[in-house]
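The primary structure of each chain is shown beneath.
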Amino acid sequence: MTGTVQPAPGGAGPVVGVGIVGMGSIGMLHALALRDLAPRARLVAYSGGADLDADLTPGGRAAHVSPDDVVRHEDVDVVAVCTPSGSHARLALAALEAGKHVVVEKPLAVTVEDALLVERVARERGLVVSMVSQRRFEPQHQALRRALDDGALGELRLVATHVPWYRDDDYYAAARWRSSLAEGGGSLMNQGVHNVDLLRWLCGPVESVTAQAGTLARPVDRGAGADGDAAEDTTVATLRLASGALGVVTTTTATPPGFPATLALHGSRGSVELAQDEVLRWDVPGVPAPASGRSAGGAADPLAIGHAGHRTQWERVLAALDGAAPPPVGPEDAVETVRLLSAIRQAAATGRTVRPADLPAPQGATSAE
């Protein structure tokens, strides 16, 4: 790692210096997670937002500087990218070029081309990149993954995830990128990304998708403009998985007051349905149901998710930096989630069936059937 790495008290491994680019609401979740992990990790620099209270930086006051200065800071070993989605790839690449490891909020990039570039540079430089997919580490999803790996559900037949959330006009007015396709806005890539990632992680590769999308609750000219860049607020997609199972993905921010996101898997031997981290159904022979969680989720409030999942992912990032485990949600894995998101977007835009594995399509070609 770069920077000045000092031993942590008690022999717990080196102190990892972290810089956060984008101290907004999501950046604050990272700051809280890092506070919980002190002294193993220390926030040493951040950009954006207001000055942090001293209790968020128990290792000493962190420098409040520009994004470029965070990336170049000599005591920063890992850069956490918590900015709008459209800047994720650019900032991740800048950090990698500066010799820093990277933790980047979802998605890794808004195009497959940019995601592949981040993956290539990280591999060439031997640096860790981890896309934040904290919901994978929730106990209910960990239990479901174990049941699938053990074959307890049998062959998957039908899978579905629904994200019936709500965001009001003030939410979009506060940040124009949330209404921009090019910047990663919209209910699919901004809100639905975690459930799409969960479904792919749990159920395996997706062979092909069809989709439809629309802006149903907000006038087009109230978002990122009427120039064709306005992001959808509702998407419906059908999936054919490589395993042969069929699936459905629905996302929206147009259904007040907002309801918990659900995930349902139906196999030849058992079925499971979760609402956020609440276990609604667990019909899995021989496997006891995990306890339900207490997360309110992001149905109406983006900050209701809490920071426990971020803390767990940071714990695994620190283990990867120690060489004790592979990086959680590494760049190769993250690229595949971007492929699926991009395939759904392309299918909705063209009305055609799209194969995620074909993205990015060669210049002048199409991946659609």
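Heads up: the structure comes first, above all this text.
Here's a quick rundown of the structure.

All right, on to the pattern of salt bridges then. Counting across every chain of the model gives 15 salt bridges. Between Asp-36 and Arg-35 there is a salt bridge, with the nearest N and O atoms lying 3.3 Å from each other. In this structure, the salt-bridge partner of Arg-135 is Glu-138, at a minimum N-O distance of 3.3 Å. By relative accessible area, which is 7% here, Arg-135 ends up buried.

Structurally, Cys-82 is set in the loop between β4 (78-81) and α3 (88-97). In this structure Cys-82 comes out as buried when scored by relative accessible area, which is 11%. Separated by 61 residues in sequence, Cys-82 and Val-21 have C-alpha atoms that sit 5.8 Å apart. If we skip the residues at most four places from it in the chain, Cys-82 touches Ile-20, Val-21, Gly-22, Gly-27, His-30 and Glu-105.

With that settled, the discussion passes to the packing of helix α4 (residues 112-125) against helix α10 (residues 331-350). Put simply, α4 and α10 touch, their axes get as near as 9 Å, and they point 180 degrees apart. With respect to their mutual orientation, α4 and α10 come out roughly antiparallel. Packed against α4, whose contacting residues are Val-112, Ala-115, Leu-116 and Glu-119, the element α10 presents Pro-331, Glu-332, Val-335, Val-338, Arg-339 and Ser-342 at the interface. Looking at the contact of α4 with α10 residue by residue, the class counts come to six nonpolar, one polar and three charged.

Most of strand β12 (residues 271-275) sits inside the fold, with four of its five residues counted as buried. Bridge count between strand β11 (residues 262-267) and β12: five bridges; the pairing is antiparallel. Looking at β12, one finds that Ala-264 is bridged to Glu-273. Where β11 hands over to β12, the hairpin turn is made up of three residues, counted between the paired strands. With five bridges connecting them, β12 and strand β13 (residues 278-283) associate as antiparallel partners. Among the inter-strand pairings, Val-272 is bridged to a residue of β13, identified as Trp-282.

Criteria and thresholds
- Residue indices begin from 1 for each chain and proceed along its sequence in written order.
- Local features in this predicted model are restricted to residues of pLDDT 70 or higher, and side-chain atom pairs are both shown and tallied only at a pLDDT of 80 or more, whereas totals for entire chains, interfaces and linings draw on every residue.
- Computation of side-chain values covers all heavy atoms of the structure but excludes hydrogens and water.
- For this document, the term salt bridge refers to a Lys or Arg side-chain nitrogen within 4 Å of an Asp or Glu carboxyl oxygen.
- Relative accessible area decides the class of each residue, using a 1.4 Å probe on protein chains only: under 20% of the type maximum gives buried, over 50% gives exposed, and in between gives partly exposed.
- The helix count covers DSSP runs of H or I at least four residues long, the strand count covers runs of E at least two residues long, and both are numbered beginning at the N terminus.
- A contact between two residues is defined here by any heavy atoms of the two lying within 4.5 Å.
- Each axis is a line fitted through C-alpha atoms, taken for helices only over the stretch in contact, and angles between the N-to-C directions span 0 to 180 degrees.
- In what follows, roughly perpendicular refers to angles from 65 to 115 degrees, roughly parallel to angles under 35, roughly antiparallel to angles over 145, and oblique to any angle outside these ranges.
- In this classification, the charged set is Asp, Glu, Lys and Arg, the nonpolar set is Ala, Val, Leu, Ile, Met, Phe, Trp, Tyr, Cys and Pro, and all remaining amino acids, among them Gly, are polar.
- By this definition, two strands are paired if DSSP reports at least two bridges between them.

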